[in-house]
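# Architecture and fold: a report
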Amino acid sequence: MRAKAFGLLMLVAASAFAGKYDVAAFVWPAYHPEPRWRELGIFADGKGEWQSLYEAEKRKDGDIWGVKPLWGYTDESNPVDVAHKIDAAVSSGVNVFIYDWYWYGGRPFLQGALENGFLKAKNNERMKFYIMWANHNVTGLWNNKMSFANGKRNVIWPAKVSEADYRKIVAHWINTYFCRPNYYKIDGKPVFMLYLLNQFIQWEGEGVAKARLQYLRDEVKKAGFPGLHLQVCGDRGVDCSQYGVDSTSVYNWGAFGWEGEFVKKRGFEPEFAQVGEFVMSKLAEQKEKANKLGMTYFPNLSVGWDTNARLVKEDARPIIRNSNPRDFEIYARKLRDWADANIPEGMPKLITVNSWNEWTEGGYLEPDSIFGYGYLDALRKVFVEEAR
């Protein structure tokens with residue numbers, strides 16, 4: 001009965017998701033008053049990582065610091081705020097949100113944005129969503145007052161979970177997310193992205209990692225689904241064919257090694273368009289590598305990169321210069337055409353995007369005080385107007 005109910009709900013909701021492309025933007029769920037920020041000793045203002053944004057000072061010519069969100073410092077655990085964002089996303093061709101998902105020390109972290117904001121928004125079924133388990137350790141990364149010399153890289157919360165926690169987590173994924181009619185599925189299978197497959201393996205070794213993935217697949221089938229679609233964020237040196245991975249994408253263009261290519265090898269910080277061309281030159285290789293391991297490769301479109309809002313001045317890092325909606329539109333179109341030519345028949349034309357709201361990494365689609373709605377307008381033109 002449960003499986004039949006799921007199927008009926010999916011049919012009822014299907015009309016809301018008509019479209020040639022699935023444009024899936026990652027959501028960094030840090031812009032709300034998560035209680036556990038206090039445990040980390042950061043964001044005392046109660047607005048989450050918005051605080052690092054409005055505290056950021058200009059460091060380099062061409063950076064964006066001083067930028068302000070056009071919609072204000074919204075609370076992403078507030079369903080009214082999120083409903084507005086859903087409408088803006090869908091009208092621009094972004095029809096999927098990929099929520100970063102966290103669990104540390106036997107408890108959830110940053111789930112308010114998804115469970116209180118998105119899932120309680122009155123219009124949430126206008127778009128699909130799925131989760132990426134961001135199974136990385138927590139360090140001082142988000143503390144903009146801590147330097148590398150003072151332990152910024154030290155682990156504060158390890159991401160490793162116990163077997164008991166893992167089973168609790170799997171039940172939560174299935175009963176809270178996968179069962180929803182607007183959870184993103186491929187061939188009826190819930191899509192689940194794992195950020196660091198290599199770290200998942202390192203926790204307890206290959207045998208336990210394989211057993212845990214099999215447990216997840218078994219529980220998904222018990223819930224009435226035809227199976228699980230396992231997706232990873234790059235292979236990180238792992239033979240994904242040994243773990244039943246179905247597809248791969250990346251979180252952002254950093255996975256292609258632009259910093260090593262331009263900053264370390266050539267000695268300069270690149271323009272957005274230069275990084276775009278570099279990424280395009282790597283796609284055929286990435287697709288071939290994925291195919292050899294039995295996976296589908298889904299391309300990624302990124303907005304930019306500048307993490308200096310999270311860093312003290314002496315730790316300033318390289319940036320992608322001159323990110324702008326005009327060039328972004330060019331690469332959105334190139335990746336759309338690449339998806340048309342390279343994603344195999346029977347698979348969705350899925351393009352991941354970094355990101356909806358990684359403000360403190362310089363990669364966000366949300367409207368700002370510099371470009372207004374420029375990035376969303378670019379996506380609307382490429383994936384809505386031209387796609388008609």
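Source: prediction; values computed, not measured.

## Examining the packing of aromatic side chains
- Within the structure shown, the criterion is met by 49 aromatic pairs.
- Here the aromatic rings of W101 and W103 are separated by 6.1 Å at their centres, their planes lie at 10°, and the arrangement is stacked. Each member of the pair, W101 together with W103, is buried.
- Between the aromatic rings of F129 and Y177, the centroid separation amounts to 6.3 Å while the plane-to-plane angle is 85°, which identifies the pairing as edge-to-face. Here the residue F129 occupies a position in strand β4 (residues 128–133), and Y177 occupies one in helix α6 (residues 163–178), the gap between them amounting to 48 residues.
- In this structure, K210 packs its charged tip against the face of Y243, placed 5.3 Å from the ring centre.

## Comments concerning empty space enclosed by the protein
- Evaluated as defined, the whole model comprises 4 cavities of 30 Å³ or more.
- The calculated volume of the largest cavity comes to roughly 60 Å³.
- Lining the largest cavity are V27, E76, V82, K85, F97, Y99 and W356.
- Counting only elements with at least two residues in the lining of the largest cavity, the list comes to α4 (79–91) and β2 (94–104).

## Overview of the pairing of β2
- Across the 11 residues of β2, 11 count as buried, placing the element largely inside the fold.
- Here strand β1 (residues 22–27) runs beside β2; their pairing, made up of 5 bridges, is parallel. When the sheet's bridge partners are listed, F26 is paired in β2 with I98.
- As defined by bridge partners, β2 adjoins β4 across 6 bridges and the pair is classed as parallel. The partner of W101 across the bridge, within β4, is W133.
- Joining the antiparallel neighbours β2 and strand β3 (residues 107–109) is a turn of 2 residues, in which G105 adopts a positive phi near 60°.

## Overview of the layout of surface pockets
- Its boundaries defined by the atoms lining it, the largest pocket holds a volume of some 1,400 Å³.
- The wall of the largest pocket is formed by 47 residues, among which Y195, R236, N252, W305 and E361 lie closest to the centre.
- Residue assignment for the lining of the largest pocket shows that the elements contributing at least two residues are β2, β7 (229–233), α9 (258–266) and α10 (272–292).
- Per element, the largest residue contribution to the lining of the largest pocket is 5 residues, and it comes from α10.

Thresholds, definitions, all that
- Residues numbered from 1 in each chain as written.
- Predicted model: local features only at pLDDT ≥ 70, side-chain atom pairs only at ≥ 80, totals over all residues.
- Heavy atoms only, no water.
- Phe/Tyr/Trp six-rings, centres within 6.5 Å; stacked < 30°, edge-to-face > 60°.
- Buried < 20%, exposed > 50% of the residue type's maximum accessible area, 1.4 Å probe, protein only.
- Helix = DSSP H or I, 4+ residues; strand = E, 2+ residues; numbered from the N terminus.
- Lys NZ or Arg CZ within 6 Å of the ring centre and 35° of its normal.
- 1 Å grid on protein atoms, 1.4 Å probe; cavity = no way out; pocket = protein on both sides within 12 Å on 5 of 7 lines; lining within 4 Å.
- Points joined across faces, edges and corners; volume = space filled by probe spheres on them.
- Pairing = 2+ DSSP bridges.

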